[in-house]
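Architecture at a glance
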Amino acid sequence: MARALRPARPGRRRPGHPAAGGVSCEGRRDGGWRLRPRPLLWAFVLAAARWLVRPKEKSVAGQVCLITGAGSGLGRLFALEFARRRALLVLWDINTQSNEETAGMVRHIYRDLEAADAAALQAGNGEEEILPHCNLQVFTYTCDVGKRENVYLTAERVRKEVGEVSVLVNNAGVVSGHHLLECPDELIERTMMVNCHAHFWTTKAFLPTMLEINHGHIVTVASSLGLFSTAGVEDYCANTGMFRGCRIRKEIEPFLPPLKPDYCVKQAMKAILTDQPMICTPRLMYIVTFMKSILPFEAVVCMYRFLGADKCMYPFIAQRKQATNNNEAKNGI
């Protein structure tokens, strides 16, 4: 997850200046560079402070929040969480029916909020800021994020019909569930278009305005499989119940139970509203990522096999093949 910020004006700060962002460094006369320790240490201090003092959550009330893949799974849960915080929702999904179902749930939340606001006003507790009724709206768009032209055209419609997007949640994802050598090229291309390329297209569509007004937030939803590939999902990099049937080593399962979508979204929302750059769930993934960085490659492979992660998709692939065979038999193919 990353927040869009206005870049420093040319000529105002020299490269490597602490206020210019990034790692601060100084040029040497021999043409090399060296790190300046003070900003580096300050970064550690700030990180430690965030652990001790929880930052105050920012408000997204009245801001336009666009969610891709909003018709089901994490996308739907994100929409409901942002609706409870009074954001204006823009929902994108390739499935029009499921997208409208999510919109119906959002409207139900809005009605509850409006009823609570009306009750508070009648009770004389109207000091708190209450958004007008007309501001609580949800807009739905049928969009295939795997097609660049479709993304840009739909983004232009959003700007004209709704306004500029303040929060962009890149959530849409697909999974093929085949071994690499058995996976058709078309499915690999589709997975890359939806799970990877689409993030660039949506960001290019909405980031320029965020930079111009120095306000905005871009969220990327991805799986830990993006860091640790496993057989059967070499082309994958997204999330949720699409992986029903995926199993790790049974002795390890009590320590790494399947993640619940509600928990993942609530943790992600906390990170979004406190501008946390990245969050991993479960927290054990932080340790695994660190160990991957320092351990020899052979040790990482041994750890991976011990957890059963190298074969965790086998049950999933078997279920998908069985379902395919049943459908073919049912249809007389």
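Residues numbered from 1 in each chain as written. Predicted model: local features only at pLDDT ≥ 70, side-chain atom pairs only at ≥ 80, totals over all residues. Heavy atoms only, no water.

**Notes on the packing of helix H2 (residues 73–84) against helix H6 (residues 261–273)**
Running from amino to carboxyl end, H2 crosses H6 at an angle of 50°, the nearest separation of the two axes being 10 Å. Taken as axis vectors, H2 and H6 run oblique relative to one another. Every pair of crossing elements has a handedness; the one defined by H2 and H6 is right-handed. Facing Leu74, Leu77, Phe78, Glu81 and Phe82 of H2, the residues of H6 in contact are Pro261, Asp262, Cys264, Val265, Lys266, Ala268, Met269 and Ile272. (Axes fitted to C-alpha atoms, helices over the stretch in contact; angles between N-to-C directions. Helix = DSSP H or I, 4+ residues; strand = E, 2+ residues; numbered from the N terminus. Parallel < 35°, antiparallel > 145°, perpendicular 65-115°, else oblique. Left-handed = near helix turned anticlockwise from the far one by under 90°. Contact = heavy atoms within 4.5 Å.)

**Here we look at unusual backbone geometry**
For Arg86, which is not glycine, the phi torsion reads 65° and is therefore positive. Structurally, the position occupied by Arg86 is in the loop between H2 and strand S5 (88–93). Of the residues examined, Arg86 reaches a relative accessible area of 16% and is grouped as buried. (Buried < 20%, exposed > 50% of the residue type's maximum accessible area, 1.4 Å probe, protein only.)

**Here's the deal with H2**
An ideal rise of 1.5 Å per residue puts 16 Å on 12 residues; H2 measures up with 17 Å between its terminal C-alpha atoms. Buried residues dominate H2, accounting for 10 of its 12 residues. Residues Leu74, Gly75, Arg76, Leu77, Phe78, Ala79, Leu80, Glu81, Phe82 and Ala83 constitute the buried set of H2. (Expected span 1.5 Å × (residues − 1).)

**A short note on the packing of H2 against helix H3 (residues 96–122)**
Contact geometry for H2 and H3: axes closest at 9 Å, N-to-C directions at 20°. By the angle class used here, H2 and H3 are roughly parallel. Judged by the sense of rotation from one axis to the other, the crossing of H2 with H3 is right-handed. Side by side, H2 and H3 meet where Arg76, Ala79, Leu80, Ala83 and Arg84 of the first sit next to Ser98, Glu101, Thr102, Met105, Val106, Ile109, Tyr110 and Leu113 of the second. Of the residues belonging to the contact of H2 with H3, the class tally is 8 nonpolar, 2 polar and 3 charged. (Nonpolar A, V, L, I, M, F, W, Y, C, P; charged D, E, K, R; others polar.)

**Some remarks on the pairing of strand S7 (residues 167–170)**
Every second residue of S7 is oriented toward a common face, with Val167 and Val169 on one face and Leu168 and Asn170 on the other, all of them buried. As paired strands, strand S4 (residues 64–68) and S7 are joined by 3 bridges and run parallel to one another. Note on S7: the bridge partner recorded for Cys65 is Val167. With 4 bridges joining them, S7 and strand S8 (residues 217–220) adopt parallel strand pairing. Bridge pairing in S8 places Val167 opposite His217. (Pairing = 2+ DSSP bridges.)

**Observations concerning the pattern of salt bridges**
Enumeration over the complete set of coordinates arrives at 10 salt bridges. Measuring nitrogen to oxygen at the nearest pair gives 3.5 Å for the salt bridge that ties Arg76 to Glu101. Separated by 25 residues along the polypeptide, Arg76 in helix H2 and Glu101 in helix H3 bring together distant segments of the chain. For Arg76, a relative accessible area of 17% corresponds to the buried category. Note that Arg86 and Asp117 form a salt bridge whose closest N and O atoms lie 2.7 Å from each other. You can see Arg86 sitting in the loop between H2 and S5 and its partner Asp117 sitting in helix H3, a full 31 residues away along the chain. As far as the burial class goes, Arg86 and Asp117 line up, both buried. When salt bridges that share partners are traced, they join Glu81, Arg84, Arg85 and Lys266 into one network. (Salt bridge = Lys/Arg side-chain N within 4 Å of Asp/Glu carboxyl O.)

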